[in-house]
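Observations on the model geometry
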Amino acid sequence: MKNKLIAEIFRDITQILEIKGENFFRVRAYEKAAENVESLPDDIEAFAKEDKLKDIPGIGKDLEEKIKEIISTGKLKYLEELKKDIPEGLLEMLNVPGIGPKTAKLLYEKLDIQDVVMLERMAHAGKIRSLPGMGEKTEENILHGIELFKKGRERLDLKIATDVAGSFVNQLKKLKEVKNIDPAGSLRRMKESVRDIDILISSTKPEKIMDVFTKLPDVKDVIAKGPTKSSVLTKDDIQVDVRVVDKSSYGAALMYFTGSKEHNIKLRQLAIKKGLKLNEYGVFKGEKRIAGKTEEAMYKTIGLSYIEPELREDRGEFEASLKDRLPHLINIGDIKGDLHMHSTWSDGASSIEEMVVKSRELGYEYIAITDHSQGLKIARGLNAHELDLKRKEIERLNKKYKDIKILFGSEVDIDSDGSLDYPDSALKEMDIVIGAIHAGFKQPSAVITRRIIKACQNKYVSIIAHPTGRLWGSRDAYDIDFGEVFKVARDTNTAFEINSFPQRLDLNDINARMAKEAGVKIVINTDSHIAEHLNMMKFGVAVARRGWLEKKDVLNTAAFGKLRLKKLGLTE
Ligand code: DGT
Ligand code: CA
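Right, let's walk through the structure included here. Note that the coordinates shown come from a computational prediction; the quantities given were computed from them, not determined experimentally.

Turning next to the overall build of the chain. Of the regular secondary structure elements, the chain holds 23 helices and 17 strands. Taken over C-alpha atoms, the radius of gyration comes to 26 Å for the chain, in line with the 25 Å a tight globule of 572 residues would show. Counting only C-alpha atoms and orienting by the principal axes, one finds that the chain spans roughly 75 × 60 × 55 Å. Here the chain holds 572 residues, and the buried ones make up 52% of them.

This part covers the packing of aromatic side chains. With the rule as written, the count across this model stands at ten aromatic pairs. Here tyrosine 256 and phenylalanine 257 contribute two aromatic rings whose centre-to-centre distance is 4.9 Å and whose plane-to-plane angle is 85°, an arrangement assigned as edge-to-face. Here phenylalanine 486 and phenylalanine 496 contribute two aromatic rings whose centre-to-centre distance is 5.3 Å and whose plane-to-plane angle is 85°, an arrangement assigned as edge-to-face. A residue pair is termed long-range when its members are at least 10 positions apart, and phenylalanine 486 in helix H21 (residues 482-492) and phenylalanine 496 in strand E16 (residues 495-499) qualify at ten residues.

On to the site of ligand 1. Taken together, 16 residues form the shell around ligand 1, and within it Arg155, Ser186, Arg189, Arg195 and Asp196 come nearest. Contacts to ligand 1 include serine 186, whose side-chain N or O atom sits 2.5 Å from an oxygen atom. Starting from 600 Å² of accessible surface for ligand 1 in isolation, the protein chains cover 75%. Elements that contribute at least two residues to the shell around ligand 1 include exactly helix H11 (185-188), helix H13 (250-258) and helix H14 (261-273). Within the shell around ligand 1, the residues separate by chemical class into three nonpolar, six polar and seven charged.

For the calcium ion (ligand 2), the full set of protein donor atoms is Asp196 (O), Asp196 (OD) and Asp198 (OD), at a range of 2.2 to 3.1 Å. For the calcium ion (ligand 2), the six donor atoms are set out with angles of 58 to 170° between them, so the coordination reads as irregular. For the pair aspartate 196 and aspartate 198, one class covers both residues: buried.

This part takes up the sheet that holds strand E5 (residues 219-225). Sheets are built from strands paired through backbone hydrogen bonds, the pairs being either parallel or antiparallel. What the five strands build is an open sheet, ordered E2-E4-E7-E6-E5; its pairing is mixed. The sheet terminates laterally at strand E2 (180-183) and E5, the two strands that pair on one side only. The mean inter-strand angle of the sheet, taken between neighbouring strand axes irrespective of direction, is 20°. With six bridges connecting them, strand E4 (residues 197-202) and strand E7 (residues 239-245) associate as parallel partners. Following the sheet pairing, aspartate 198 is matched in E7 by aspartate 241. Set on the sheet, helix H10 (residues 158-173) makes contact with E2, E4, E5, strand E6 (229-234) and E7; between it and E4 the angle comes to about 25°.

A separate point is helix H9 (residues 136-154). Taking 1.5 Å of rise per residue, the 19 residues of H9 would be expected to cover 27 Å, and the 27 Å separating its terminal C-alpha atoms lies within 8% of that figure. Within H9 the residues assigned to the buried category are Glu139, Ile142, Gly145, Ile146, Leu148 and Phe149. Among the structural elements, helix H6 (88-93) and helix H8 (116-124) are those in contact with the buried residues of H9.

For the rest of this paragraph, the subject is the side chain of asparagine 556. Inspection of the secondary structure assignment puts asparagine 556 in the segment after helix H23 (537-546). Engagement of the side chain of asparagine 556 in a polar contact is seen with the backbone oxygen of glycine 337, the distance being 2.9 Å. In contact with asparagine 556, not counting residues within four places along its chain, are Asp334, Ile335, Lys336, Gly337, Leu339, Tyr366, Ile522, Val523, Ile524, Asn525, Met537 and Leu563.

Analysis parameters
Residues numbered from 1 in each chain as written. Chains lettered and ligands numbered in written order. Predicted model: local features only at pLDDT ≥ 70, side-chain atom pairs only at ≥ 80, totals over all residues. Heavy atoms only, no water. Helix = DSSP H or I, 4+ residues; strand = E, 2+ residues; numbered from the N terminus. Rg over C-alpha atoms; globule rule 2.2 N^0.38 Å. Buried < 20%, exposed > 50% of the residue type's maximum accessible area, 1.4 Å probe, protein only. Phe/Tyr/Trp six-rings, centres within 6.5 Å; stacked < 30°, edge-to-face > 60°. Near = heavy atom within 4 Å. Polar contact = N/O pair within 3.5 Å; in protein donor to acceptor, adjacent residues only side chain to side chain. Areas by Shrake-Rupley, 256 points an atom, 1.4 Å probe, with all protein chains shown as cover. Nonpolar A, V, L, I, M, F, W, Y, C, P; charged D, E, K, R; others polar. Donors = N, O, S within 2.8 Å, 3.2 Å for Na, K, Ca; no water. Tetrahedral: all angles 85-135°; square planar, octahedral: opposite > 155°, others 65-115°. Pairing = 2+ DSSP bridges. Axes fitted to C-alpha atoms, helices over the stretch in contact; angles between N-to-C directions. Contact = heavy atoms within 4.5 Å. Expected span 1.5 Å × (residues − 1).

Shape is all these values report; function is a separate question.
Below, the structure written as structure tokens:
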């Protein structure tokens, strides 16, 4: 599927053309084309094969040729040429939140700022405030943007890490010399972001594995190669480490390299208390190894019940394990439906029916189609008339697909004063109402807290979506008083969402656990904008597991008839 690549290339072109101050209409043409290609429900290669590229809105002869070139070569000469006209660092600068092409152009032309390093230096030196339309506040915002940018750079999101690790594991698994293989480190603990990928293997032929690993096609550079441990950089500059151990110490090594470091330290202390020694080769009594092959045996020998990787953060798991009170963590298989997704009715790229078909494949009993509300113009929110039409379409599909319940819902904007973007008369007609903040992120904590509390108090709002607004690498969580908010959520039976989108993962693990302890119910949703996104549920489930949640804490593990959502006015 090259749709995304093509859209990205067109966007890069737009940005360079804007920096160069090109004609508005040319810039807009690429921007439109990027949008249209991105929202195509099907693989663009199928369009190309059937000679139908020109049927896509905004694609004429010229862009058709360019799309064909990208499909066959994976790149575009025109973009490569354009790139030569501007400094390389300038494009990277556009990834700093708050720096658009116009600002970049100004900074480049007036102050000769060519990359992020220079940008940071000039902002610190107070040089940027002298430019037209900029001030001290702009400088502050730029510096904050750079901080976010760096944070986003240092660590991978969970989806990218999962995909990269999966690809390496799959290729290495094919070797007959590989006995056991697992990703370890923060990825195995399913942390929301991952610095590098650690893979552990057991084998009697480590050298052979090192040879193959360091020569895999995704490898760009070999950082270090040894007989049992090597590190490489992928073409996307992601570091992957592979270690090979003997199968007799596989469990011990897996435990050690899964971490976290804090968990490991506590483990070692517990072992010492029992007169044992613990290291990455096993548990030892004197010189004798008494465990090492499996993690289960390792934990048992130290006197603990098995601790799931997601809990290994030294956040109370030892105390719980010793008392045999570890939670029975929720599993992906417990999820019976997805209650937050968009369709082509608002800003989604798949029709409601496509969302239904994919959800049936996933085995769901129910889903909610929750397009945006009228006020959110950029996301094509629905007006009253469109809501009516959409409801009819859902009724039609409910008749056609008897094995899944399709709920008619909306993701309704919580306005800056906490009121909702539809009147109660419209909300009343819906099966499910999700409240969400999409503007006014910078309000003071007390104001945002009040806004969310007011939304919880609305008798139709069943769920608060992505409650802190955090976007990885581009936006901080807004400041909410969760103590206050959770009290009201519990009393009004309003559920809070764990949004599974890798850039969101919001609530995060810590907030989710706090919600559970406050008696607030959780819903895990994908917020899908295309059918494929429905697969991201696993990331939300990972956050829930890291937040110690069990099946009973999460509403969408219930069968349809038992879905205890506030004011679920089910339509037959
Ligand atoms: P990351 O890479 O920052 O996302 O997080 P991790 O947890 O994957 O950290 P990493 O890659 O530095 O190390 C992998 C595991 O190896 C880590 O979770 C625990 C173990 N480890 C590394 N260094 C130490 C150490 O100094 N002491 C102990 N006890 N364990 C360590
Ligand atoms: Ca790591």
